[in-house]
Amino acid sequence: MEKVIGLITCNYSTKESSPLTESRPAASLPYFGRYRMVDFALSNLVNCGIRTVGMVMPYNYRSIIDHVGSGKDWDLDRKNGGLFILPGSAFGTSRTGARFLLRDLIHNKAYFTRSTSDAVIFSTANFVFNVDLNKVYDAHKASGADVTVLTKTAPEKDPDVTAFDVEDGRVQGVHHGATFGESMFLDCFVIGRQLLLDMFDWYAATDYLDLFEAMAGDFGRVNVRTYDYDGYVAPVFSKRAFYRANMDLLNPRVTAELFPEERSIKTKTHDTPPAKFEVGSRVINSAVSSGDRIYGSVSDSILGRNVIVEAGATVRNSIVMQGCVVKSGARVENAIVDRANVVPAGTELRGTPEDVLIKEKAHE
Amino acid sequence: MSKKECIAMLLAGGQGSRLGALTSNVAKPAVSFGGKFRIIDFALSNCANSGITTVGVLTQYRPYLLHSYIGTGEAWNLDERGGGVAILPPFATQTGGAWYEGTADAVTQNLGYIETNDPEYVLILSGDQLYRMDYDDMLEAHKRNNADLTIAVMPVPWEEASRFGILTAGEDGRITKFTEKPKKPDSNLASMGIYIFSADVLINSLKEDALDQTSDHDFGGNIIPKLLEEGKRLFTYEFNGFWRDVGTISSYHETSMDLLGPNPAFDIFSTTFPIMSNASTRPPAFVGKDGSVDDCLVANGCQIYGTAKHSILSTDAYVGERATVVDSVLLPGAKVKDGAHVVRAILGENSVVEENVSVGSVDQTKDTAVIGNDVVVGKGEN
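Residues numbered from 1 in each chain as written. Chains lettered and ligands numbered in written order. Predicted model: local features only at pLDDT ≥ 70, side-chain atom pairs only at ≥ 80, totals over all residues. Heavy atoms only, no water.

**Looking at the overall build of chain B**
Scanning chain B from N- to C-terminus turns up eight helices and 29 strands. For a compact globule of 382 residues, the expected C-alpha radius of gyration is about 21 Å, and chain B comes in at 22 Å, within 12% of that figure. Residues classed as buried in chain B amount to 59% of the 382 residues present. Here chain B has roughly 15,500 Å² of accessible surface; of this, 46% comes from carbon and sulfur atoms. Across chain B, the mean location of the 31 positive side-chain charges is 3 Å away from that of the 49 negative side-chain charges. (Helix = DSSP H or I, 4+ residues; strand = E, 2+ residues; numbered from the N terminus. Rg over C-alpha atoms; globule rule 2.2 N^0.38 Å. Buried < 20%, exposed > 50% of the residue type's maximum accessible area, 1.4 Å probe, protein only. Areas by Shrake-Rupley, 256 points an atom, 1.4 Å probe, with all protein chains shown as cover. Lys, Arg positive; Asp, Glu negative; His and termini not counted. Charge placed at Lys NZ, Arg CZ, Asp CG, Glu CD.)

**A look at the side chain of Thr368 of chain B**
Tracing the chain through its elements places Thr368 of chain B in the loop between β27 (358-359) and β28 (369-371). Residues within four places of Thr368 of chain B in sequence aside, it is in contact with Ile249, His253, Arg344, Ala345 and Ile346 of chain B. (Contact = heavy atoms within 4.5 Å.)

**Points about the confidence of the model for chain B**
Averaged over chain B, the pLDDT score is 93; the fraction of residues at 70 or greater is 98%. Taken together, the chains of this predicted complex give a pTM of 0.93 and an interface ipTM of 0.93. (pLDDT = per-residue confidence, 0-100.)

**Looking at the nonpolar core**
Within the largest apolar cluster, 69 residues are counted, with the highest numbers of intra-cluster contacts made by Met133, Ile194 and Tyr252 of chain B. Grouped together as the second largest cluster of nonpolar side chains are 46 residues, Val307 of chain A together with Ala285, Val319 and Ile371 of chain B included. (Core = buried A, V, L, I, M, F, W, Y, C linked by side-chain atoms within 4.5 Å.)

**Structural notes on the interface of chain A and chain B**
Listed per partner, the contact involves 37 residues of chain A and 39 residues of chain B. Across the chain A to chain B interface the summed buried area is about 2,900 Å²; carbon plus sulfur atoms make up 54%. Taken as a group, Asp271, Pro274 and Phe277 of chain A account for 22% of the area that chain A buries against chain B, more than any other trio of residues on that side. Here chain A is connected to chain B by one salt bridge. Close ionic contact of Lys72 of chain A with Glu74 of chain B constitutes a salt bridge, the shortest N to O distance being 3.6 Å. Connecting chain A to chain B are 13 residue pairs in polar contact (both at pLDDT 80 or more). (Buried area = accessible area lost by both parts, 1.4 Å probe. Salt bridge = Lys/Arg side-chain N within 4 Å of Asp/Glu carboxyl O. Polar contact = N/O pair within 3.5 Å; in protein donor to acceptor, adjacent residues only side chain to side chain.)

**Side note on empty space enclosed by the protein**
If you walk through the whole model with that rule in mind, you get five cavities of 30 Å³ or more. Taken as a whole, the largest cavity holds about 120 Å³ of empty space. Around the largest cavity, the lining is made up of 13 residues, and of these Arg34 of chain A together with Lys36, Ala279, Ser280 and Asn300 of chain B lie nearest the centre. Grouping the constituent residues of the lining of the largest cavity by class yields three nonpolar, seven polar and three charged. (1 Å grid on protein atoms, 1.4 Å probe; cavity = no way out; pocket = protein on both sides within 12 Å on 5 of 7 lines; lining within 4 Å. Points joined across faces, edges and corners; volume = space filled by probe spheres on them. Nonpolar A, V, L, I, M, F, W, Y, C, P; charged D, E, K, R; others polar.)

**Points about unusual backbone geometry**
Residue and element names in this part refer to chain B. Positive phi is not limited to glycine here, since Asp118 has a value of about 50°. By the element assignment, Asp118 lies in the loop between α4 (111-117) and β8 (121-126). A positive phi angle, near 55°, is found at Asn350, a position not held by glycine. Here Asn350 shows up in the loop between β25 (345-347) and β26 (352-353). Residue classification places Asn350 among the partly exposed residues on the basis of a relative accessible area of 42%.

**Notes on the packing of aromatic side chains**
If you walk through the whole model with that rule in mind, you get 35 aromatic pairs over all chains. Centroid distance Phe100 of chain A to Phe122 of chain A: 5.9 Å. Interplanar angle 85°. Geometry classified as edge-to-face. With a gap of 22 residues between them, Phe100 of chain A in the loop between β5 (82-87) and α4 (102-106) and Phe122 of chain A in strand β6 (residues 119-123) connect regions that are remote in the sequence. Owing to a relative accessible area of 0%, Phe122 of chain A belongs among the buried residues under this scheme. Between Phe197 of chain B and Phe219 of chain B the ring centres are 5.7 Å apart and the planes differ by 45°, which places this aromatic pair in the tilted class. With Phe197 of chain B in strand β13 (residues 189-198) and Phe219 of chain B in helix α7 (residues 219-229), this residue pair connects regions lying 22 residues apart in the sequence. (Phe/Tyr/Trp six-rings, centres within 6.5 Å; stacked < 30°, edge-to-face > 60°.)

**Quick look at the sheet that holds strand β23 (residues 335-336) of chain B**
Ordered in space as β28(A)-β25(A)-β22(A)-β19(A)-β16(A)-β16(B)-β18(B)-β20(B)-β23(B)-β26(B)-β29(B), the eleven strands form an open sheet in which the pairing is mixed. Two strands close off the open sheet at either side, each with one partner strand: β28 (357-359) of chain A together with β29 (376-377) of chain B. The pairing of strand β20 (residues 318-319) of chain B with β23 of chain B spans two bridges and is classified as parallel. Bridge pairing in β23 of chain B links Val319 of chain B to Val336 of chain B. (Pairing = 2+ DSSP bridges.)

**Some words on the sheet that holds strand β24 (residues 331-333) of chain A**
Residue and element names in this part refer to chain A. Spatial strand order, β15-β18-β21-β24-β27: five strands in an open sheet with parallel pairing. The sheet is open, and its two borders are formed by β15 (282-284) and β27 (348-350), each paired with just one other strand. Across the sheet, the mean angle from the axis of one strand to that of its neighbour is 5°, orientation sign disregarded. Bridge analysis of β15 against strand β18 (residues 297-299) gives three bridges, and the strand direction is parallel. When the sheet's bridge partners are listed, Arg282 is paired in β18 with Ser297. (Axes fitted to C-alpha atoms, helices over the stretch in contact; angles between N-to-C directions.)

**Remarks on the pattern of salt bridges**
Taken as a whole and judged by the stated rule, the model has 32 salt bridges over all chains. Between Glu156 of chain A and Arg244 of chain A there is a salt bridge, with the nearest N and O atoms lying 2.5 Å from each other. With Glu156 of chain A in the loop between β8 (147-153) and β9 (158-167) and Arg244 of chain A in helix α9 (residues 239-247), this residue pair connects regions lying 88 residues apart in the sequence. Residues Lys177 of chain B and Asp186 of chain B are paired through a salt bridge, measuring 2.8 Å at the closest nitrogen-oxygen approach.

Below, the structure written as structure tokens:
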């Protein structure tokens, strides 16, 4: 896809503030042991052959830059094209809910004008799915649409996603929050590059809006069509959704669908040795990352890299992130333990399945 | 170590024929080890961790996997301008070309590479040994001794000394004698095949050796004895850490097992001197509801629905329901299907043990079972 460039927006915050996203942008939220949320957006773009990707940064971009670096792990360290780090506007002045804030795009107009591509594929960093974007792009060209949005029939109510009113595959309206059966927007769309530049002029006066909010009065003029995706999708805009999207991966069918070798999800690589399951350890129905050392008991849980579970310690129904140590005799249950925490010997971190406990990131 | 003070020549062309099925389609340095590594990772990581950034890798036997694995060397931070990794296979000139005939000959044929880099010292390494060593310490010793050649040595049990190339040295470490597999050893210092030469000494002795029709062009057999004879300053550098040359199936298996247990002889978890590798990006390992894993190293991408005990499960290895894997090494992508049993075995990359099939035996008097890369073992075949 030499004629297509990508753009990932990271400059938005989730409505629900939790300790997980207070310390970092949603894009760099650790996911399934070794990944970060943004890996899906990046890998989906790269896996369809795109080698030019811009990322609009939030003000607290440190962890994103730390993760993506030069883009090498996604083959985005190119002589031509490659990874472009683009500044986002400061918070406070903008509405935080906007995922494709016009101002952020217009401020980075040069990224689009300097390109000779035909089209741009946009994405945010808060959805988990592995889609072949070549198919979406082919459908976009075949239908002659101005914009093709990736959607899925909402399997349940979700107040945090965007939904479209659709008639015969054509978008008639847009609103926030999806109810069961509506066309849920997967925050991923294809648009002609020239049309996008035109829109920058059309909507310049309302640059505080989300691109689709600005477009809302124009669905008669702009042909926006849906591409319905029926594979696994997890929108991750809340603590509960984050917990569930992780736990979904304890189902090998979901993992196989999300991590096929032919369309692998790429991430920053580290030189950590394989996980060591020590003598006497007991691990069932769990995902274990490299560098982990397990002496104790782990069930129905996901461990990030370099986690130590000492003898006599128990981890159940939990997500334990990179670099944590669960000391001897400690219990972690229905909890999300953010990076670098030490759970002291004999202590408990316990939530309920309905309300998981979050232990915020330890000060480093 | 400054940039071109010392360069390394890494000998990676050997077939490793005693590794049998494991090297039937890859060179020995490219054989997988320790779950996520390949054998050459250890030498390359030692170079990177020692600050040596110019490394010539001499390849010959079945080089495709090795070449693609090394790539630009970036996985070991060896993708540097004006240095980094150079892959050096045999090549032709106006007067023809030749295969590498022995360790010294391989380096001789690449004297041009050494001269282009114009280093003061040249480190000669094997790409098929497992150990962690700071070559910078060895270089310091070489300089301190004002040596022409420094040879890394390791004390071995006296009763085993007759299996090695043994160096006899004075109290100051100066070598007085080199004996290949002595019947009556007078020293227990075994050569590890790791050499630091002062570059001019190396270049001169290789040029002389190349003209000698009777020479086998081997460092141990020809170059070192000749330098001793000439009265050059040869010194030992004693190393006391973990070091293995996994030359045979049984030593490969034994060394793999050395990584297991509560206090493994070789700690691959060290963060100060990390072993780097060009690993693929795979999801975390998964243990199923009825899975059981005890005393195992498990790499990313593994799926375990059965039982694994005292084993190494490399990237993307698979253990099916009711299957058991004991005292074994599953190389990347090896698949043990439902109900199969694998004991004291090494399963090659992407090999498959079909459902309910047994491989290997607990009987210690029998050889370790080996299944070659990509081989499928069905019923009645083993």
